[in-house]
Amino acid sequence: MSSTPAKPVLVGDNDESRRPSREEALKAVRTLLAWAGDNPDRPGLIDTPKRVVDAYAEWFEGYDADAVKELSRTFEDVQGYDDMVLLRDIEVESHCEHHMAPFIGKAYVAYIPNEKVVGISKLARVVEIYSRRLQTQEVLTNQIADAIESNLQPQGVAILIDAEHQCMTTRGVHHRHVSTITTRFTGVFKSDAALKDRFLKLAKG
């Protein structure tokens, strides 16, 4: 069984750091606009700091959410169901922690219940919570799997994420339409090659 996913060290987790105020965030955006070579006081940009800060609050709301809490309400009356529960095409909208550029794609999440199941919307919510933080796709894949593994104790978990990274398509090498695929398998999905293959066929079929 996987250990509980490590909690990231966030601003405000110790006495030496604090979360900046909204006013400080607004000033920081104005600084970036000026650094880029534009005038933050021109009509088209005067309200941009507010819009950017509001957008950041939405894009990174995962820092204020708890995936464990989402998975805490489970149901034990599965009436003997012991096969795969699979959610396909869960939207992934995240931001690369190296350049703060978006990466967008789909997540495919499956588990095989042991003694309890969770509402399917909660699985999508777990993907959303971890996606709405600065991420790497590899860590995101692991965090989703570990949260399900730790809280549901299933027979196994399978995760596949397929996403395009704008830090690669709009800058740097400028290779468009290149997708990155990451996977994580635990329990019976890891030990049973036929089951793993079945998940992959169902996920992408």
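Below, the structure is looked at part by part. (Residues numbered from 1 in each chain as written. Predicted model: local features only at pLDDT ≥ 70, side-chain atom pairs only at ≥ 80, totals over all residues. Heavy atoms only, no water.)

## Observations regarding the sheet that holds strand β7 (residues 179-185)
Test applied: At least two bridges found by DSSP between two strands are what make those strands a pair. In this text, helices come from DSSP runs of H or I with a minimum length of four residues, and strands from runs of E with a minimum of two, each type numbered from the N-terminal end. Two residues qualify as a contact provided that any one of their heavy atoms is within 4.5 Å of a heavy atom in the partner residue. Geometry is summarised by axes, namely lines fitted to C-alpha atoms with helices restricted to the contacting stretch, and by angles between N-to-C directions that run from 0 to 180 degrees.
Pairing is mixed in the open sheet, where 5 strands are placed in the order β5-β2-β3-β6-β7. At either end of the open sheet lies a strand with only one pairing partner, and these are β5 (134-135) and β7. Bridging between strand β3 (residues 102-112) and strand β6 (residues 156-165) involves 10 bridges; their strand directions are antiparallel. By the bridge assignment for β6, I112 is matched with G156. Packed on one face of the sheet, helix α5 (residues 137-152) meets β2 (85-96), β3, β5, β6 and β7 and runs near 155° to β6.

## Let's talk about the pattern of salt bridges
Heads up, the rule is: Salt bridge, as applied in this entry: a Lys or Arg side-chain nitrogen positioned within 4 Å of an Asp or Glu carboxyl oxygen. Only protein chains enter the accessibility calculation, which uses a 1.4 Å probe. A residue is then buried if its area is under 20% of the maximum for its type, exposed if over 50%, and partly exposed in between.
Applying the stated criterion to the full structure yields 17 salt bridges. Among the ionic pairs, E70 bridges to R125, the shortest N-O distance being 3.7 Å. In this pair, E70 sits in helix α3 (residues 67-70) while R125 sits in helix α4 (residues 120-131), placing the two residues 55 residues apart along the sequence. Here R125 falls in the partly exposed class, since its relative accessible area comes to 25%. When the shortest N-O distance is used, the salt bridge between R132 and E93 registers 4.0 Å. One end of the pair, R132, is in the loop between α4 and β5; the other, E93, is in strand β2, and 39 residues separate them in sequence. Three or more residues are tied together by salt bridges with common partners; here these are E61, E70, E93, K122, R125, E128 and R132.

## Some thoughts on the packing of α4 against α5
Put simply, the rule is: These descriptions rest on fixed angle ranges, namely under 35 degrees for roughly parallel, over 145 for roughly antiparallel, 65 to 115 for roughly perpendicular, and the rest for oblique. In this scheme the crossing of two helices becomes right-handed for a clockwise turn of the near helix relative to the far one and left-handed for an anticlockwise turn of less than a right angle. Residues were grouped as follows: Ala, Val, Leu, Ile, Met, Phe, Trp, Tyr, Cys and Pro as nonpolar; Asp, Glu, Lys and Arg as charged; and all remaining residues, including Gly, as polar.
Running from amino to carboxyl end, α4 crosses α5 at an angle of 140°, the nearest separation of the two axes being 10 Å. Taken as axis vectors, α4 and α5 run oblique relative to one another. You can see that α4 and α5 cross each other, and the crossing is right-handed. Judged by residue contacts, L123, V126, V127, Y130 and S131 of α4 engage L140, Q143, I144, A147 and I148 from α5. Of the residues that constitute the contact of α4 with α5, the class distribution is 8 nonpolar, 2 polar and no charged.

## Overview of the environment of K27
By the element assignment, K27 lies in helix α1 (residues 22-36). Given a relative accessible area of 53%, K27 falls into the exposed group. Along the chain, K27 and G44 lie 17 residues apart, while their C-alpha atoms are 17 Å from each other.

## Here's the deal with the packing of α1 against helix α2 (residues 48-59)
Contact geometry for α1 and α2: axes closest at 9 Å, N-to-C directions at 120°. The chirality of how α1 crosses α2 is right-handed. Across the interface between the two elements, R22, A25, L26, V29, R30 and L33 of α1 pack against T48, P49, K50, V52, V53 and D54 of α2. Class assignment for the residues of the contact of α1 with α2 results in 7 nonpolar, 1 polar and 4 charged.

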